[in-house]
Amino acid sequence: SRARARWALGSGSSVPTAMATRENIVLPKVTRELISADPSTWAPKLTTACPVIDRWLRGGVPTRHVTELTGEAGAAKTQLALQLLLNAQLPREVGGLDGAAMYVHTEGRAPLARLRQMISKREIYSTHLPPDHDLLDYVYLVKTLQEDPESLWDALASVADVLTDPPGGPQRPVRLIVVDSVSSPFRETDVGTKEGVFERTGILSRVAALVSEYAHRADVAVVVTNHVSDAVMDDGPGGRGGFDSWQRRLFGPSGDLRSSGRPVQPALGLFWANCVNTRVFLSRTGGSAGGYDNDGGFDSGRVVRRHASVVFSSYLPSTSPAGGAADDGWGSSAVRPCEFE
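My aim in this report is to walk through the structure given alongside it, one point at a time. (Residues numbered from 1 in each chain as written. Predicted model: local features only at pLDDT ≥ 70, side-chain atom pairs only at ≥ 80, totals over all residues. Heavy atoms only, no water.)

Sheet architecture is open: 3 strands sit in the order β9-β11-β10, paired in antiparallel fashion. If you trace the sheet from one side to the other, it starts and ends with β9 (228-230) and β10 (258-259), each paired once. As paired strands, β10 and strand β11 (residues 262-266) are joined by 2 bridges and run antiparallel to one another. Paired with Ser259 across the two strands is Arg262, which belongs to β11. (Pairing = 2+ DSSP bridges. Helix = DSSP H or I, 4+ residues; strand = E, 2+ residues; numbered from the N terminus.)

All chains considered together, the criterion is met by 0 aromatic pairs. Of note, Arg172 hangs over the ring of Tyr138, and the distance from its end group to the ring centre comes to 5.4 Å. Taking NZ or CZ as reference, Arg206 lies 5.0 Å from the ring centre of Trp153, over its face. (Phe/Tyr/Trp six-rings, centres within 6.5 Å; stacked < 30°, edge-to-face > 60°. Lys NZ or Arg CZ within 6 Å of the ring centre and 35° of its normal.)

Take the environment of Leu112 next. Its location among the elements puts Leu112 in helix α3 (residues 112-121). Taking the C-alpha atoms as reference points, Leu112 and Leu141, 29 residues apart in sequence, are found 9.9 Å from one another.

The subject of this paragraph is the pattern of salt bridges. One pass over the full model with this rule turns up 9 salt bridges. With its nearest N and O atoms 3.8 Å apart, the salt bridge here joins Glu150 to Arg206. Placement of Glu150 in helix α5 (residues 149-164) and of Arg206 in helix α6 (residues 194-217) is noted, with a sequence separation of 56 residues between them. Judged by its relative accessible area of 23%, Glu150 is partly exposed. With a relative accessible area of 29%, Arg206 lands in the partly exposed category. When the shortest N-O distance is used, the salt bridge between Asp230 and Arg262 registers 2.5 Å. Taken together, the residues span a long stretch of sequence, with Asp230 in strand β9 and Arg262 in strand β11 at a distance of 32 residues. Exposure remark for Asp230: the relative accessible area of 46% places this residue in the partly exposed category. According to the relative accessible area criterion, Arg262 is partly exposed, its value standing at 30%. (Salt bridge = Lys/Arg side-chain N within 4 Å of Asp/Glu carboxyl O. Buried < 20%, exposed > 50% of the residue type's maximum accessible area, 1.4 Å probe, protein only.)

With that settled, consider the packing of α5 against α6. Two packed helices can be described by the angle between their axes and the distance between those axes. Close contact between α5 and α6 brings their axes to 10 Å; oriented N to C, the two are set at 20 degrees. As far as their axial angle goes, α6 and α5 are roughly parallel. The element α5 and its partner α6 pack so that their crossing is left-handed. Where α5 approaches α6, its residues Pro149, Glu150, Leu152, Trp153, Leu156, Ala157, Val159, Ala160 and Leu163 are matched on the opposing element by Ile203, Arg206, Val207, Leu210, Val211 and Tyr214. Residues of the contact of α5 with α6, tallied by class, amount to 13 nonpolar, no polar and 2 charged. (Axes fitted to C-alpha atoms, helices over the stretch in contact; angles between N-to-C directions. Parallel < 35°, antiparallel > 145°, perpendicular 65-115°, else oblique. Left-handed = near helix turned anticlockwise from the far one by under 90°. Contact = heavy atoms within 4.5 Å. Nonpolar A, V, L, I, M, F, W, Y, C, P; charged D, E, K, R; others polar.)

We now examine helix α2 (residues 77-87). Within α2, 9 of the 11 residues are buried, which leaves the element mostly enclosed by the surrounding structure. Taken together, the buried positions of α2 are Lys77, Leu80, Ala81, Leu82, Gln83, Leu84, Leu85, Leu86 and Asn87.

Before going further, it helps to examine the pairing of strand β4 (residues 65-71). Across the 7 residues that make up β4, a large majority, 7, are buried. Pairing between β4 and strand β8 (residues 221-226): 6 bridges, direction parallel. In the sheet register, His65 faces β8, and the bridge partner there is Ala221. Pairing analysis gives 5 bridges linking β4 to strand β12 (residues 278-285), with the strands arranged parallel. Paired with Thr70 across the bridge in β12 is Phe281.

Quick look at the structure:
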């Protein structure tokens with residue numbers, strides 16, 4: 001198998017091999033309620049623990065929904081994803097899901113030290129969870145052994161076993177799946193030949209179908225992170241405006257994505273864009289996350305500000321990264337992008 005899982009991060013147990021196969025993925029049966037006008041019966045949402053972002057997302061990240069966080073390195077994609085892993089364990093009355101979380105990690109070392117740091121600095125966990133509750137015991141890590149598409153598929157297939165029989169028991173079911181990142185395993189795929197393109201698209205379609213199946217049939221929130229690359233512009237004679245104009249035709253002004261002063265585009269192309277329900281673009285201004293300005297010089301005095309905008313969504317209005325009509329953040333008109341540090 002190409003994926004390994006350490007079911008309880010805080011347990012210190014050995015790392016068993018994930019045994020699920022693509023031919024035998026069994027999901028738990030979930031009772032689906034009829035759509036009602038009563039908001040209390042709607043799919044619950046998971047708080048980000050940031051009132052600004054929660055209000056902007058109309059309450060948080062929804063379940064039965066695939067949400068993508070896309071942006072360059074240092075835009076806070078992983079930071080926000082880690083926060084959600086911990087928040088899923090909070091009681092529902094404070095915006096949690098009363099459950100556990102799966103963390104499918106595909107590149108480098110899993111940021112366990114950062115998770116521990118976040119736990120120690122957030123009073124919300126000690127206030128609303130029992131004293132003997134170890135948050136890391138309910139974050140289940142699945143790590144791909146190789147950075148290739150087949151490893152990602154194997155890792156996602158192994159999640160089905162945990163959804164059906166969660167290590168925390170039926171009183172603590174898995175309510176959140178985070179894939180960080182979905183695009184990293186596809187970096188080295190061969191797209192220079194027709195066969196390579198077909199193979200990449202085939203695996204990507206299986207991955208997209210599986211995460212959507214998890215979201216809807218297992219009643220969980222699915223959050224994936226995605227990288228961006230520089231958008232190649234072609235505004236010369238005979239050009240068609242390049243990716244910038246193409247994004248604008250598809251998504252309107254919200255398709256003009258810029259980060260650190262340059263145009264960018266999400267990875268995995270239009271096919272993947274049609275497989276997610278909400279795409280949130282995270283960008284930064286004021287220098288890099290490491291304290292370097294955009295010209296390569298070190299500037300420790302500059303504050304890095306991060307912005308979030310909706311590229312498209314099935315339940316949120318699109319927002320222009322350049323700013324839009326200001327309202328209360330809940331209307332159907334264009335809204336101002338969310339800003340945080």
